[in-house]
Amino acid sequence: MVHQRSSQRRLSRSSYEEPVDRADVTAVLAPRLAHFAAVARHEHVTRAAHELGVPQSTLSRAMARLEQDLDVTLFARRGRTVSLTPAGHTFLTAVERALAEVERAADSVRADADPSSGKVAFGFLHTMGSETVPSLIRAFRADHPRVRFQLVQNYGEAMLERLRAGDLDLCLTSPVPDAPDLVARRLDEQRLRLVVPDDHRLAVRKRVRLAEAADETFVTLEPGYGLRRITDDLCAEAGFRPRVAFEGEEAETLRGLVAAGLGVALLPPPAVARPGVVELTVTAPRAVREIGVAWLDGHVDTPPVVAFKKFLLSRRGHLLPE
């Protein structure tokens, strides 16, 4: 269906501050269907034109063009008074449903973009979920109490895919991605510890070189997880390739398996100390993971996303709970 140029309008970024009236939304997004619905409702071209704020002649031509494009007679005409044909009634039912959906969609995206009560789609790593993200959201909502969050917890590569698909506005991830289509900023770093069973030969130590665990069996996260890549890289730097007994999806699951004696693991600090394990500081190589925030390059942010992004960047060096 070809739209007339004279009836086309665009929503601009300024619509966040000065939105189009609700009654005008469908006229902006689907002008010819809205025009048809108005004529059908009034059964009078002049009255419909007055409601829509368009010249009567323009509206008459638009309806004639619509019928021509559909190759169907929608109106029976008697001067400026019109009535719907059976085909017109059928078409009106579908048009009213479509316009109602457009209005609901417009209301939804406007609500999401509202500076005070809009939505932020935010992704984060599983290991950030128990303390870091709740404390961040609590601190942010002290100044933005009505902003809503759509939260997604996943591993790094999956979150970056959802970022590229437009499902997320921002994500906390590790390692900090380096990709041409993304913008990423380093926020903090987190020390990793060698976690061993409490009856392990190294359990009496406080510090250890990673090379001392070269003969151990490891439990790790699955390939594709950022922490798995960091573990493999650190072991390679220490001069060995880890023998893997189990690959999981949750750091705390791995900690439990270490307590059960299945192996050792390189993990970030736990939210709550777990019995049955000892957590050793790794002195060499330097065992840390960088944590950063990423977003899609060129993506136009809504006001609540702008505010939350600014908040995250302000926490650089102080992202993680003490």
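Refer to the structure above for everything that follows.
Rules behind the numbers
- Residues numbered from 1 in each chain as written.
- Predicted model: local features only at pLDDT ≥ 70, side-chain atom pairs only at ≥ 80, totals over all residues.
- Heavy atoms only, no water.
- Pairing = 2+ DSSP bridges.
- Helix = DSSP H or I, 4+ residues; strand = E, 2+ residues; numbered from the N terminus.
- Axes fitted to C-alpha atoms, helices over the stretch in contact; angles between N-to-C directions.
- Contact = heavy atoms within 4.5 Å.
- Salt bridge = Lys/Arg side-chain N within 4 Å of Asp/Glu carboxyl O.
- Buried < 20%, exposed > 50% of the residue type's maximum accessible area, 1.4 Å probe, protein only.
- Parallel < 35°, antiparallel > 145°, perpendicular 65-115°, else oblique.
- Left-handed = near helix turned anticlockwise from the far one by under 90°.
- Nonpolar A, V, L, I, M, F, W, Y, C, P; charged D, E, K, R; others polar.
- Phe/Tyr/Trp six-rings, centres within 6.5 Å; stacked < 30°, edge-to-face > 60°.
- Lys NZ or Arg CZ within 6 Å of the ring centre and 35° of its normal.
- Arc of directions from axis to C-beta.

Chemist: When you look at the sheet that holds strand S13 (residues 288-296) in this model, what are you seeing that I'm missing?
Modeler: In sheet architecture, strand pairing relies on hydrogen bonds along the backbone and comes in two forms, parallel and antiparallel. Here five strands make up an open sheet; going across it, the order is S4-S3-S5-S13-S6 and the pairing mixed. Only two strands of the sheet have a single partner each, and these edge strands are strand S4 (148-153) and strand S6 (182-191). On average, adjacent strands in this sheet sit at an angle of 20 degrees to one another, irrespective of strand direction. Where S6 meets S13, nine bridges bridge the pair, whose relative direction is antiparallel. From the neighbouring strand, arginine 191 faces S13, where its bridge partner is valine 288. The strands that helix H10 (residues 303-314) touches are strand S3 (119-124), S4, strand S5 (170-173), S6 and S13; relative to S3, the one it contacts most, it runs at about 40 degrees.

Chemist: Sorry, what's going on with the sheet that holds strand S8 (residues 207-209) here?
Modeler: Spatially, S8-S12-S7-S11 is the arrangement adopted by the four strands of the open sheet, whose pairing is mixed. In this open sheet, the two edge strands, each paired with only one partner strand, are S8 and strand S11 (265-267). Strand-to-strand twist of the sheet, defined as the mean angle between neighbouring strand axes without regard to direction, takes the value 45 degrees. Pairing geometry for strand S7 (residues 193-197) and strand S12 (residues 277-284), over five bridges, is antiparallel. Within the sheet, the bridge partner assigned to leucine 194 lies in S12 and is leucine 280.

Chemist: I would appreciate a short explanation of the pattern of salt bridges in the present structure.
Modeler: A side chain with one charge can pair with a side chain of the opposite charge if their charged atoms come near. For the structure shown, the criterion picks out 21 salt bridges. One salt bridge in this structure joins aspartate 112 and lysine 119, with 3.6 Å as the shortest N-O distance. Classification of aspartate 112 as buried rests on a relative accessible area of 18%. Judged by relative accessible area, lysine 119 falls into the partly exposed class, the value being 22%. Arginine 228 is the partner of glutamate 247 in a salt bridge, and the nearest nitrogen-oxygen pair spans 2.9 Å. You can see glutamate 247 sitting in strand S10 (residues 243-248) and its partner arginine 228 sitting in helix H8 (residues 226-237), a full 19 residues away along the chain. The partly exposed category is assigned to glutamate 247, whose relative accessible area is 36%. Linked through salt bridges whose partners overlap, the residues forming this network are Arg186, Glu189, Arg286 and Glu290.

Chemist: Help me out: how do you make sense of the packing of helix H2 (residues 31-42) against helix H3 (residues 45-52) in this one?
Modeler: A pair of packed helices can be characterised by two numbers: the angle between their axes and the separation between those axes. Their axes nearest at 8 Å, the elements H2 and H3 cross at an angle of 130 degrees. As the angle between them shows, H2 and H3 are arranged oblique. In the crossing of H2 with H3, the sense of the turn from one axis to the other is right-handed. On the side of H2, the interface is formed by His35, Ala38, Val39, Arg41 and His42, while H3 contributes Val45, Arg47, Ala48, Glu51 and Leu52. Among the residues forming the contact of H2 with H3, the class breakdown is five nonpolar, two polar and three charged.

Chemist: So what exactly am I meant to see when it comes to the packing of aromatic side chains here?
Modeler: Tallying each qualifying case throughout the model produces 11 aromatic pairs. Look at tyrosine 155 and tyrosine 225: their rings are 4.5 Å apart centre to centre, the planes differ by 25 degrees, and that puts the pair in the stacked class. In this pair, tyrosine 155 is assigned in the loop between S4 and helix H7 (156-164) and tyrosine 225 in the loop between strand S9 (217-221) and H8, connecting sequence segments 70 residues apart. Among the residues examined, tyrosine 225 registers a relative accessible area of 9% and is labelled buried. The ring of tryptophan 295 carries lysine 309 above its face, with NZ or CZ at 4.0 Å from the centroid.

Chemist: What is the right way to look at H3 in this model?
Modeler: Each α-helix turn comprises 3.6 residues. Residues three or four places apart therefore point the same way. Every buried residue of H3 is accounted for by Val45, Ala48 and Ala49. The buried residues of H3 occupy one face: seen down the axis, they fall within an arc of 100 degrees. Where H3 is buried, its residues meet H2, helix H4 (56-70) and strand S2 (81-84). Glycine 53 sits one or two residues past H3 and shows a positive phi near 75 degrees.

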